2 protein chains.
Amino acid sequence: MASEAALWLREERSGRGPQPEYSRAQIAAAAVKLADAGGLAAASTRRVADAIGTGPASLYRYVRNRGELIALMADQVSGEYEYPQTFTGDWLADILALARQQFAILMRHPWMIDVSRSGAPIGPAAVDFLEQALRALEPVEVGGRVKLEAIAMMSAIVTMFAQEALAGSSTSTDGQEATAQFLAHVMTAGRHPHLAAAMTDTSTPPLEGADLLDRVLAKTLTGLLIG
Amino acid sequence: MASEAALWLREERSGRGPQPEYSRAQIAAAAVKLADAGGLAAASTRRVADAIGTGPASLYRYVRNRGELIALMADQVSGEYEYPQTFTGDWLADILALARQQFAILMRHPWMIDVSRSGAPIGPAAVDFLEQALRALEPVEVGGRVKLEAIAMMSAIVTMFAQEALAGSSTSTDGQEATAQFLAHVMTAGRHPHLAAAMTDTSTPPLEGADLLDRVLAKTLTGLLIG
DNA sequence: CACGACTGCGAACACCGATCGCATAACGTC
DNA sequence: GACGTTATGCGATCGGTGTTCGCAGTCGTG
């Protein structure tokens, strides 16, 4: 329990001693750049350290461990949202607008998909997002807990779609290829008729991604909040 | 593209040479045991290797890389499902039964939460699950693609609830604690009124987990499949 | 002015995933 | 049954990772 002050409760500068050469924002920016280019693994403590031109050990003056570094990155990126001063009053339209922003952010920073799925700690920018989402949901007449659940569900769905969108576009992972190869084999083997039928189904042409996301979110959210 | 045969298309024994000392099942079982006890990170190639009493290099005769080892573990655990010979015909009840099994498996093997969220490659047992889920959804009159989407959504929701359930029970991660500490501070600061209100909301008493899961799944799935 | 809190950082530790090369064991073939 | 082909087991090793230690240097405060 003597875990000392958590990242977001520590002051960036603590008064005494020489002034730090870098700011959290600078470090986060450098790390985000690395991760954007080479995935989350590319933002290792060492690589980030010498991206800002310092030794591996120096980073630990700003951050207790790599988890906190990633928290810094996540919060920096969560600062990219732009919130309207006033919402329209149409809660579904308002929250869908937020969802679309989240989707765009995930597409800009694919590593953020991994981060948001692994239950990243919440920082100031994430708190702002929650506040705004709740503000958008103000017209809905259900308890706050239910709204928070709905927001979490929304995030999960957006993340899921972002992953799928990226999996389709970028160069396929070897895992993807292995799965495709194996599925092809399974379907020809004929012992999974329902699966085979479902995968060759053409009755519903693959709807455009963004459109599908809107539709699914609308159904899910109305189901959770008014159904 | 010369990635050779994928894991599940390779034979376990390839005819020539001495017969392997261990089977995939044995290795997977050992790795699962380690991961159950100490998390996914505890199932490192080295630790798994000397858990079965061999050197670190020997594992690579059975598996091309750690990803394949994890795929082995995931599929072994996916073999824990038990499917009825015939479904009841009530598609919602039938698929909810599958969802509950998935939830139970995730509670038994918490590391599986991470695995299933990081888009693990699909193996034989996972294919069986898909087949059975589609069989349960047979009465529903929508295209196969939509059904697959619904199943993916169901898995995502179950995974989300499993994570939340574990976060509440087990000893809190330091990340969890940091978040709690920070949220407490944010709420007393008073600049996020909606959030503060939502988190102290007692209008809807925290519903029992399993019950909540059922409810949310029912709403979401009916929304996606018939709405 | 001096003390002590703080910073930068080279060196090191304990791991990790993965590869190489060699001795050894089993199978198909003649 | 001998042989060559083909796998396997595995010690040694490489490059990378997160993290800690200890020391020299710097700045604010008493």
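Above this text is the structure in question.
Keep in mind that this is a model prediction, so the values were computed, not measured.

1. A word on the overall build of chain A
What chain A contains, in helices and strands, is ten helices and zero strands. Sequence-ordered secondary structure for chain A, helices as α and strands as β, is α-α-α-α-α-α-α-α-α-α. Each of the three principal axes of chain A carries a C-alpha extent, and together these read 70 × 50 × 35 Å. A separation threshold of at least 6 residues defines the contact pool for chain A, and within that pool the share at least 24 residues apart is 72%.

2. As for the interface of chain A and chain B
Taken together, the contact between chain A and chain B spans 49 residues of the former and 49 residues of the latter. Put simply, the parts of the chain that give the side of chain A that touches chain B at least two residues each are α6 (124-136), α7 (144-169), α8 (174-189), α9 (193-199) and α10 (209-225) of chain A. Tallied by class, residues from the side of chain A that touches chain B come to 23 nonpolar, 17 polar and nine charged.

3. Focus: the nonpolar core
With 117 residues, the main nonpolar core has Ala31(A), Met73(A), Met154(A), Ala31(B), Met73(B) and Met154(B) as its most contacted residues. Ignoring anything within four residues of it in the chain, the contact list for Met154(A) reads Ile95(A), Ala99(A), Leu217(A) and Leu221(A).

4. Structural notes on the relation of the copies chain A and chain B
With an axial shift of 0.0 Å and an RMSD of 0.2 Å, the rotation relating chain A to chain B amounts to 180 degrees. What the rotation and shift describe, once combined, is the action of a two-fold rotation axis. Distance from the rotation axis, computed per C-alpha, reaches its smallest value in chain A at Thr220(A): 2.7 Å. Comparing interface residues between copies, 100% of those in chain A also lie at the interface in chain B; the contact surface is shared.

5. Digging into helix α8 (residues 174-189) of chain B
When the terminal C-alpha atoms of α8(B) are compared, their 23 Å separation across 16 residues agrees well with the 22 Å that a helix rising 1.5 Å per residue should span. On its buried side, α8(B) packs onto α3 (66-78) and α6 of chain A. Gly190(B) lies just past α8(B) and shows a positive phi near 85 degrees.

Rules used throughout
- Residues numbered from 1 in each chain as written.
- Chains lettered and ligands numbered in written order.
- Predicted model: local features only at pLDDT ≥ 70, side-chain atom pairs only at ≥ 80, totals over all residues.
- Helix = DSSP H or I, 4+ residues; strand = E, 2+ residues; numbered from the N terminus.
- Contact = placed C-beta atoms within 7 Å.
- Nonpolar A, V, L, I, M, F, W, Y, C, P; charged D, E, K, R; others polar.
- Core = buried A, V, L, I, M, F, W, Y, C linked by C-beta atoms within 7 Å.
- Buried ≥ 20, exposed ≤ 12 C-beta atoms within 10 Å, placed from the backbone.
- Least-squares fit on C-alpha atoms with pLDDT ≥ 70 in both.
- Expected span 1.5 Å × (residues − 1).

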